[in-house]
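# Fold and contact review
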Amino acid sequence: MQRSLAARIAGAAMSTSMSDRGRRLAPGLAAAFVIAATSTVLRNATDVAALNPVVLALAIGMAVRSVLGAPQILKHGIAFAVRPLLRAAIVLLGLSVTLGQLLGLGAGALGLAILVVAATLPITIWLGSRLGVDRPLAQLIGAGTAICGASAIVAANQVARGQDEDVTYALAVITLCGTAAMLVYPALAAPLGLDAHSYGLWAGASVHEVVQAVGAAAAGGPEAAQSGTVMKLARVFLLAPAVAALGLWAGQDGGAKAPVPWFAFGFLGLVLLGSTGVVPGAVVDASRTIVPLMLATSVAALGLSTDLRALRARGGAPLILGVASTLLIALLGLVGVAVLDAF
């Protein structure tokens, strides 16, 4: 009887605690979700590939912050969206990639994907130190360039531990450089003598965001779109090992224990699960709709917490770093494609 009464009291206390936490989280989460949904609607209405809902959500969130400031009532929900919600989105992203897709590229193309990621990330960080860019910001720009744009930046910051303004600046730089690449690449295919398949591999191996890479590749026709999309997915697959390696690197440099990116292992777990074929197609399709919305909600929360004055204080060096990193990965991808064509 006493145990039953104690259990009821404990259950009631837990329920009250969860209810209180929900009330604290609701305003900030709702604000971020509304911004994310608005960004998604705008993207779908315009059908402009460059208008990534994640980037639009960031811009709207920053605009709202500059007008309304940072209401205390939003604090808890924003913090939840920037951390736990984001990590859940990265895990679910694993359903978008299967081992079959990657193996279909062939050993040479897979090697190219690994090369551009393994070379671009550390070289960008090194170059950032030469330019005087803060280490966390250089790591985020390197991850965004090397892997998959906005998703890689927000995932890498879980171990890089940059400030909110670092993430915002990195997103802005990667969006600018990736959009420029999406517009310029199609004009370079003919002068560089690339056929459709090779052009698609180049775009997939070196353009930043998934939507930007697919858009650039699609300009070369159906064959280019297919090879470019799968090559880009190979770089997305490398998100987990790259973030894990970055976490170890950051821990060694800072003399502190490296954070364990459990969400990255969750990503790999869903890649493996999705590759078995046991996950219903409807679930995979749903994840492709839900994940961008979750990412946009997280980044909208980031925008709501970003102080533009701190952003301006970063100066122009990170932009120079982003341009240099973009040129580097473009060159690496082009050389790699040339080597593949030679064999």
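None of the values given here were measured: they were computed from a predicted structure.

### A look at the overall build of the protein chain
Check the secondary structure of the protein chain and you find 16 helices and zero strands. Sequence-distant contacts, at least 24 apart, represent 82% of the contacts inside the protein chain between residues at least 6 apart. Roughly 15,400 Å² of accessible area belongs to the protein chain as shown, and the carbon and sulfur atoms make up 70% of that amount.

### Describing the side chain of asparagine 157
Positionally, asparagine 157 belongs in helix H7 (residues 150-160). With a relative accessible area of 8%, asparagine 157 lands in the buried category. Leaving out residues up to four positions away in the same chain, asparagine 157 has contacts with Arg83, Leu140, Gly162 and Val167.

### Concerning the packing of aromatic side chains
The final tally for this structure, using the stated rule, is two aromatic pairs. Seen in terms of ring centroids, tyrosine 185 and tryptophan 202 are 4.0 Å apart; in terms of plane orientation they differ by 15 degrees. Their pairing is stacked. In this pair, tyrosine 185 is assigned in helix H8 (residues 164-188) and tryptophan 202 in helix H9 (residues 196-206), connecting sequence segments 17 residues apart. Accessibility expressed as a relative area gives 5% for tyrosine 185, which makes it buried. With 6.4 Å between their ring centres and 65 degrees between their planes, tyrosine 199 and tryptophan 202 make a pair best called edge-to-face. Within this pair, tyrosine 199 and its partner tryptophan 202 are both found in helix H9, separated by three residues, close to a single helical turn. On the basis of relative accessible area, tyrosine 199 is assigned to the buried category, the value being 2%. We classify tryptophan 202 as buried; its relative accessible area is 3%.

### Considerations on the pattern of salt bridges
For the structure on display, the rule yields one salt bridge. Here arginine 288 makes a salt bridge to aspartate 285, at a shortest N to O gap of 3.8 Å. One end of the pair, arginine 288, and the other, aspartate 285, are both in helix H14 (residues 281-304), three residues apart, so they sit about a helical turn from each other.

### Regarding the environment of alanine 26
You can see alanine 26 is positioned in helix H1 (residues 2-46). Sequence-wise, alanine 26 and histidine 76 are 50 residues apart; in three dimensions their C-alpha atoms are separated by 8.4 Å.

### Thoughts on the nonpolar core
If you look at the biggest cluster of nonpolar residues, it comprises 91 residues, and the most contacted ones within it are Ile147, Leu171, Tyr185, Tyr199, Met231, Leu239 and Leu295. Ranked by residues supplied to this core, first place goes to H8 with 10 residues.

### Comments concerning helix H2 (residues 53-68)
Given a rise of 1.5 Å per residue, 16 residues ought to cover 22 Å, and the 22 Å separating the end C-alpha atoms of H2 matches this to within 8%. Every buried residue belonging to H2 is among Pro53, Val54, Leu56, Ala57, Leu58, Gly61, Met62 and Arg65, and all of these are buried. A positive phi of about 80 degrees marks glycine 69, the residue just after H2.

### Looking at helix H11 (residues 222-237)
A rise of 1.5 Å per residue sets the reference length of H11, with its 16 residues, at 22 Å; its end C-alpha atoms lie 23 Å apart and thus fit the reference within 8%. Taken together, the buried positions of H11 are occupied by Ala224, Ala225, Ser227, Gly228, Val230, Met231, Lys232, Leu233, Ala234, Arg235 and Val236.

### Here we look at a nonpolar patch on the surface
Taken together, the side chains of Leu176, Leu319, Val323 and Leu327 define a hydrophobic patch exposed on the protein surface, amounting to about 360 Å² of accessible area. Tallying contributions element by element places helix H16 (residues 317-342) first for the nonpolar patch, with three residues. Mapped onto the elements, leucine 327 comes out in helix H16.

### Considering unusual backbone geometry
Of note in this structure, arginine 161 is not a glycine but carries a positive phi near 60 degrees. With respect to the secondary-structure elements, arginine 161 resides in the loop between H7 and H8. On the basis of relative accessible area, arginine 161 is assigned to the exposed category, the value being 51%.

What counts, and where the lines are drawn
- Residues numbered from 1 in each chain as written.
- Predicted model: local features only at pLDDT ≥ 70, side-chain atom pairs only at ≥ 80, totals over all residues.
- Heavy atoms only, no water.
- Helix = DSSP H or I, 4+ residues; strand = E, 2+ residues; numbered from the N terminus.
- Contact = heavy atoms within 4.5 Å.
- Areas by Shrake-Rupley, 256 points an atom, 1.4 Å probe, with all protein chains shown as cover.
- Buried < 20%, exposed > 50% of the residue type's maximum accessible area, 1.4 Å probe, protein only.
- Phe/Tyr/Trp six-rings, centres within 6.5 Å; stacked < 30°, edge-to-face > 60°.
- Salt bridge = Lys/Arg side-chain N within 4 Å of Asp/Glu carboxyl O.
- Core = buried A, V, L, I, M, F, W, Y, C linked by side-chain atoms within 4.5 Å.
- Expected span 1.5 Å × (residues − 1).
- Patch = residues over 30% accessible without salt bridge, like charges linked within 9 Å, V, L, I, M, F, W, Y side chains within 5 Å.

Worth remembering: the numbers are spatial, not functional.
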